[in-house]
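Here is what each chain is made of, one letter per residue.
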4 protein chains.
Amino acid sequence: MAAHRTRRRVEFRDTDAAGIMHFSTFFVYMEQAEHELLRSVGLSVLEHDDEGILSWPRVSASCDYRRPLRFEDEFEIETRIERLGEKSITFACRFLHEGQEAAAGRLTAVCCRFPEGRPPQSIPIPPRIADELRRYVDNG
Amino acid sequence: MAAHRTRRRVEFRDTDAAGIMHFSTFFVYMEQAEHELLRSVGLSVLEHDDEGILSWPRVSASCDYRRPLRFEDEFEIETRIERLGEKSITFACRFLHEGQEAAAGRLTAVCCRFPEGRPPQSIPIPPRIADELRRYVDNG
Amino acid sequence: MAAHRTRRRVEFRDTDAAGIMHFSTFFVYMEQAEHELLRSVGLSVLEHDDEGILSWPRVSASCDYRRPLRFEDEFEIETRIERLGEKSITFACRFLHEGQEAAAGRLTAVCCRFPEGRPPQSIPIPPRIADELRRYVDNG
Amino acid sequence: MAAHRTRRRVEFRDTDAAGIMHFSTFFVYMEQAEHELLRSVGLSVLEHDDEGILSWPRVSASCDYRRPLRFEDEFEIETRIERLGEKSITFACRFLHEGQEAAAGRLTAVCCRFPEGRPPQSIPIPPRIADELRRYVDNG
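Predicted model only: the values in this text are computed from it and were never measured. (Residues numbered from 1 in each chain as written. Chains lettered and ligands numbered in written order. Predicted model: local features only at pLDDT ≥ 70, side-chain atom pairs only at ≥ 80, totals over all residues. Heavy atoms only, no water.)

(A) Spotlight on the sheet that holds strand β7 (residues 100-110) of chain B. Read across the sheet, 10 strands follow the order β1(A)-β5(A)-β6(A)-β7(A)-β4(A)-β4(B)-β7(B)-β6(B)-β5(B)-β1(B) without closing on themselves; strand pairing throughout is antiparallel. Edge positions in the open sheet fall to β1 (4-9) of chain A together with β1 (4-9) of chain B, since each of these has one partner strand only. Each neighbouring strand pair of the sheet contributes to a mean axis angle of 20 degrees, computed without reference to strand direction. Across six bridges, β1 of chain B lies against strand β5 (residues 74-84) of chain B in antiparallel orientation. Bridge pairing links Arg-7 of chain B to Glu-76 of chain B in β5 of chain B. (Pairing = 2+ DSSP bridges. Helix = DSSP H or I, 4+ residues; strand = E, 2+ residues; numbered from the N terminus. Axes fitted to C-alpha atoms, helices over the stretch in contact; angles between N-to-C directions.)

(B) Main features of the sheet that holds strand β6 (residues 88-97) of chain D. Ordered in space as β1(C)-β5(C)-β6(C)-β7(C)-β4(C)-β4(D)-β7(D)-β6(D)-β5(D)-β1(D), the 10 strands form an open sheet in which the pairing is antiparallel. Both edges of this open sheet fall to β1 (4-9) of chain C together with β1 (4-9) of chain D, since each of them pairs with a single strand only. Recorded for the sheet is a direction-independent mean angle of 20 degrees between the axes of neighbouring strands. Pairing geometry for strand β4 (residues 58-65) of chain C and strand β4 (residues 58-65) of chain D, over five bridges, is antiparallel. When the bridges of β4 of chain D are listed, Ser-62 of chain C appears paired with Ser-62 of chain D.

(C) Quick look at unusual backbone geometry. All names here are of chain B. Look at Glu-98: it is not a glycine, yet its phi comes out positive at around 50 degrees. Secondary-structure assignment places Glu-98 in the loop between β6 (88-97) and β7. Residue Glu-98 is classed as exposed on the basis of its relative accessible area of 72%. (Buried < 20%, exposed > 50% of the residue type's maximum accessible area, 1.4 Å probe, protein only.)

(D) The arrangement of the interface of chain A and chain B in detail. Taken together, the contact between chain A and chain B spans 15 residues of the former and 15 residues of the latter. Of the roughly 1400 Å² buried between chain A and chain B, counting both surfaces, carbon and sulfur atoms make up 66%. Looking at the side of chain A facing chain B, the largest losses of area belong to Phe-23, Phe-27 and Tyr-65 of chain A, adding up to 34% of the total buried there. Remark: the boundary between chain A and chain B carries zero salt bridges. (Contact = heavy atoms within 4.5 Å. Buried area = accessible area lost by both parts, 1.4 Å probe. Salt bridge = Lys/Arg side-chain N within 4 Å of Asp/Glu carboxyl O.)

(E) Representation of the relation of the copies chain A and chain B. Once turned by 180 degrees and shifted 0.0 Å along the axis, chain A lies on chain B with an RMSD of 0.0 Å. Both copies are brought into coincidence by an operation consistent with a two-fold rotation axis. For chain A, the minimum C-alpha distance to the rotation axis belongs to Ser-62 of chain A and amounts to 2.0 Å. Comparing interface residues between copies, 100% of those in chain A also lie at the interface in chain B; the contact surface is shared. (Least-squares fit on C-alpha atoms with pLDDT ≥ 70 in both.)

(F) Looking closely at the pattern of salt bridges. Summed over the entire model, instances satisfying the criterion amount to 68 salt bridges over all chains. Measuring nitrogen to oxygen at the nearest pair gives 2.6 Å for the salt bridge that ties Arg-94 of chain B to Glu-101 of chain B. For Arg-94 of chain B, a relative accessible area of 32% corresponds to the partly exposed category. A cluster of three or more residues bridged by salt bridges with shared partners is formed by Arg-5, Arg-66, Glu-76, Glu-78, Arg-80, Arg-94 and Glu-101 of chain A.

(G) Representation of the interface of chain C and chain D. Counting residues at the interface gives 15 residues for chain C and 15 residues for chain D. Both faces considered, chain C and chain D share a buried interface measuring about 1400 Å² in area, 66% of it formed by carbon and sulfur atoms. One can count zero salt bridges joining chain C with chain D. Across the chain C-chain D interface, the total number found is six residue pairs in polar contact (both at pLDDT 80 or more). Within the residue set of the side of chain C that touches chain D, elements represented by two or more residues are α1 (25-40) and β4 of chain C. In terms of residues, the side of chain C that touches chain D owes the most to one element, β4 of chain C, which gives eight residues. Broken down by class, the residue content of the side of chain C that touches chain D amounts to eight nonpolar, four polar and three charged. (Polar contact = N/O pair within 3.5 Å; in protein donor to acceptor, adjacent residues only side chain to side chain. Nonpolar A, V, L, I, M, F, W, Y, C, P; charged D, E, K, R; others polar.)

(H) Representation of the side chain of Thr-15 of chain A in the model. Locating Thr-15 of chain A in the fold gives a position in the loop between β1 and α1 (25-40). The buried category is assigned to Thr-15 of chain A, whose relative accessible area is 0%. Polar side-chain contacts of Thr-15 of chain A include one of 2.6 Å to the backbone oxygen of Phe-12 of chain A. At 2.9 Å, the side chain of Thr-15 of chain A forms a polar contact with the backbone nitrogen of Ala-17 of chain C. In this structure, Thr-15 of chain A is in contact with Val-10, Ile-20, Met-21, His-22 and Phe-71 of chain A together with Arg-13, Thr-15, Asp-16 and Ala-17 of chain C, ignoring residues within four places of it in sequence.

(I) Summary view of the environment of Ala-130 of chain B. All names here are of chain B. Examined against the element boundaries, Ala-130 turns out to sit in helix α2 (residues 127-133). Taking C-alpha positions, Ala-130 is 14 Å from Arg-80, a pair spaced 50 residues apart along the chain. Setting aside chain neighbours within four positions, we find Ala-130 in contact with Leu-84 and Ile-125.

(J) Representation of the packing of aromatic side chains within the structure. Following the criterion strictly, the structure yields 30 aromatic pairs over all chains and no others. Relative to Phe-75 of chain C, the ring of Tyr-29 of chain C lies with its centre 5.2 Å away and its plane at 80 degrees, an arrangement referred to as edge-to-face. Of this pair, Tyr-29 of chain C sits in helix α1 while Phe-75 of chain C sits in strand β5 (residues 74-84); the two residues are 46 residues apart in sequence, bridging distant segments of the chain. Lying over the aromatic face of Phe-23 of chain A, Arg-58 of chain B brings its terminal NZ or CZ to 5.1 Å of the ring centre. (Phe/Tyr/Trp six-rings, centres within 6.5 Å; stacked < 30°, edge-to-face > 60°. Lys NZ or Arg CZ within 6 Å of the ring centre and 35° of its normal.)

(K) Seen up close, α1 of chain A. Taking 1.5 Å per residue as the helical rise, α1 of chain A with its 16 residues ought to reach 22 Å, and the 23 Å between its terminal C-alpha atoms agrees with that figure. Immediately downstream of α1 of chain A, the backbone of Gly-42 of chain A shows phi near 80 degrees, a positive value. (Expected span 1.5 Å × (residues − 1).)

Note that every value here comes from positions in space, so none of it alone points to a role or purpose.
Structural data, given as structure tokens:
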């Protein structure tokens, strides 16, 4: 079991008039980390295959904030798969700055097909995808 | 007890390549609703008084998504104060579109002073503020 | 000839660590004003008709900044059509705060069809659309 | 004379319902490139020195769009200083994707002091800063 790690720097547009990274921006970075994790095993969050489009609508997102991040701070996002269900995945992300946890969040997404002109339909995660993701599953 | 209500329209920049309002954008609108609620009782999220700056850093945020919102959809945000603690407030927001709940989220913020050159310090919510906010407290 | 007018308030997410509305945000508001102008004459920036999708990719955008806008400032966006060409439109926007111009920008968009699997193709603006828009054309 | 180069990938939040990177996002990336260029010569866009704060409010920004960028496209931003004036700098940025120009923009910023409680005041660019920046000045 391994965490996926990526580094970012707080960009100026990420900040707000309180001088810190805006709380909504952590969700944008959690998604970037999720997509990088998927790319690291050859997957994309938006796949086209023989049966059409396969993607992952979010059903819930949450974040707890411990310390503010400021303009130009470098931070690491450490992502694990907390739960690999039959139809959904829960990613757990920690934001680390100078060795301390700045925030920790979760993102739960459901595996869906997108039939033309109808609402997305959840499906079991295809085995080829589940197999690739297993390396990031947290058994801690 | 009353909910605070405000209306918005999904703007083009709120959408993403999946054609729906991006999940992080719900947090931006929850904050807009919170600030409108504060203004409705004569408060601001950033106050300057005799003792300096008083503001409300976030300690947690979460959202559950039920139905997607699309470009130009009009929606209502219904905000209640779920918990008015000694030092913190939890706002609960529902996103309603055509009578159905599209999403529901929570935002918890802590009342803080910002001493020059030191980290924010949590303080008891001043009575004049707690009194104004009581009308939005959910006793349901 | 009339300008289209709409009002907004600087939201917290619009600001940055310099305490003012971020310069990129003016473009987001210019687009909101453009879309409101289109709606005011019964049009949408993204139309589906018998021949498929009709939309307006941007070819250029610019803005000059004169005075900063701050959190909770109310401002007006005044939009005119500076040029209604055969295939393109140039919108001119002024941002007004307390009677003074905070910024002024331009947005040029081209009328396009989106053929399946091929790049967008510019077409002459359909007469029914040009007719509706003429009321906002600046002959000043 | 050298251009500063940096690479980015189109993130999901950068896209809109038209499936492409939103036109306003190019300005956010132009600013990231500017800040990286400044860091590459040991400068920050927000400096604190003996005389207080030194920063660079924008006076104008513009961008011309030639080809759309899509989710997960990698692109390069090539930045030059087009004009190093007495009090202002104009950065010119090109967005390159697979060897072709996707967009080209300009950003003009003015060197300012921020006196307590008064509007920013433009000042001549300090020689130590102008000297560092000269290597990026385009004499082409």
